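Per-entry structural report
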Amino acid sequence: MKPLQDYVAELRQDRAFEVELRGCMLRLHATWGLFSPREVDEGSQLLLKHVEVAPDADCLDLGCGYGPIGLTLAALAPQGRTLMVDKDFVAVEYAGGNARRNGLANCEAQLSNGFDQVGERRFDLVASNIPAKVGRELLYLLLYDAWMHLNPGGSLYVVTVTGLREFFAKAMREVFGNYDKVKQGRQYTVACAVRDPSMRSPGTPRS
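What comes next is a walk through the structure. Residue indices follow the written sequence of each chain, beginning from 1 at its first position. Thresholds applied to this predicted model are a pLDDT of at least 70 for local features of residues and 80 or more for the giving and counting of side-chain atom pairs; totals over whole chains, interfaces and linings are not thresholded and use all residues. Working from all heavy atoms in the structure, the side-chain values ignore hydrogens and water.

The next subject is the overall build of the protein. Starting at the N terminus, helices and strands are each numbered in turn, a helix being any DSSP run of H or I of at least four residues and a strand any DSSP run of E of at least two. Each helix and strand counted, the protein has six helices and nine strands in total. Whereas a compact globule of 207 residues would reach a radius of gyration of roughly 17 Å, the protein reaches 17 Å, a difference of no more than 12%. Taken over the C-alpha atoms alone, the protein extends approximately 70 × 35 × 30 Å along its principal axes. Long-range pairs, those at least 24 residues apart, make up 66% of the contacts in the protein between residues at least 6 apart in sequence. Per-residue and other accessible areas were derived by the Shrake-Rupley procedure at a 1.4 Å probe size, with only the shown protein chains allowed to occlude residues. When the accessible surface of the protein is split by element, carbon and sulfur atoms take 49% of a total near 10,800 Å². Counting rule applied: Lys, Arg positive; Asp, Glu negative; His and chain ends not counted. Every charge is mapped to an atom, namely NZ of Lys, CZ of Arg, CG of Asp or CD of Glu. For the protein, the separation between the mean place of its 24 positive charges and that of its 25 negative charges on side chains is 4 Å. Atoms counted for the radius of gyration: C-alpha only. Globule rule: 2.2 Å times residue count to the power 0.38. In what follows, residue pairs with any heavy atoms lying within 4.5 Å of each other are defined as contacts.

Before going further, it helps to spend a moment on the environment of M148. Tracing the backbone shows M148 in helix 5 (residues 136-149). Beyond its immediate chain neighbours, meaning those up to four positions away, M148 contacts R122, R195 and P202.

Attention shifts here to unusual backbone geometry. With phi around 55°, R22 is a residue other than glycine that occupies positive phi space. Looking at where R22 falls in the secondary structure, it is placed in the loop between strand 1 (15-21) and strand 2 (24-30). Only protein chains enter the accessibility calculation, which uses a 1.4 Å probe. A residue is then buried if its area is under 20% of the maximum for its type, exposed if over 50%, and partly exposed in between. Taking the relative accessible area as the measure of exposure, R22 reaches 36% and is therefore partly exposed. In this structure, S36 takes a positive phi of about 50° despite not being glycine. Following the sequence through the fold, S36 ends up in the loop between strand 2 and helix 2 (42-50).

What follows covers the pattern of salt bridges. It is possible for side chains of opposite charge to pair when their charged atoms get near one another. Salt bridge criterion: a side-chain nitrogen from Lys or Arg within 4 Å of a carboxyl oxygen from Asp or Glu. This structure, assessed with the given rule, holds four salt bridges. R121 serves as the salt-bridge partner of E108, at 3.2 Å between the closest nitrogen and oxygen. Here E108 is found in strand 5 (residues 107-111), whereas its partner R121 is found in the loop between strand 5 and strand 6 (123-129), with 13 residues between them in sequence. The class of R121 is partly exposed, set by a relative accessible area of 30%. Through salt bridges with shared partners, a single ionic network connects R81, E108 and R121.

It is worth spelling out the environment of F176 at this point. Mapped onto the elements of the fold, F176 is located in helix 6 (residues 165-176). Residue classification places F176 among the buried positions, given a relative accessible area of 0%. Setting aside residues no more than four positions away along its own chain, F176 makes contact with L143, A146, W147, L150, L156, A193, V194, R195 and M199.

Right, let's talk about the pairing of strand 1 for a bit. A regular strand places its side chains so that they alternate between the two faces of the sheet. At least two DSSP bridges between two strands are needed for those strands to be called paired. In this structure, strand 1 lies alongside strand 2, joined through seven bridges in antiparallel fashion. What sits directly across from L21, in strand 2, is C24.

Here it is as structure tokens:
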């Protein structure tokens, strides 16, 4: 059995691993306290298998953690810009470091509680691995703000625990006017909504 001091010293070291996501090999560093630091979680992997991203898309990874979703989007959209945001400064530090580590100059990380520091930027794609227990009030805020920050015709992709699929079906239809269940697994569901160019504001019926 290792001495306690040696064990703690090991815990302070970065978790470093390589992973292939959508054909992109990434070298990732994480640390304890961030979500799923040992490996990219099943929900994020499911989302990345099914998200559709154009090579010139401007993308947002909302609640990026150490960045596996945003980094993959940046690699798939080399002609666009990808922004990764998180309210945890440690997550932002690691996401930015992972972008530099993988040579993704079109990708940056920024501290933001939801969209509050995103400013007027608009995106072609917003993607998020939604935490299960943040509360439905916050989920409505995030869906509304996602609509506001999408370009007309832009898409929101989310992965959630499957138990929330009915809530997201209802809430996405309320905010976006549409909902597509892209993939339902045993534990996670990937859903998509599109900002209809004919809608003047979130929740308004089509003209």
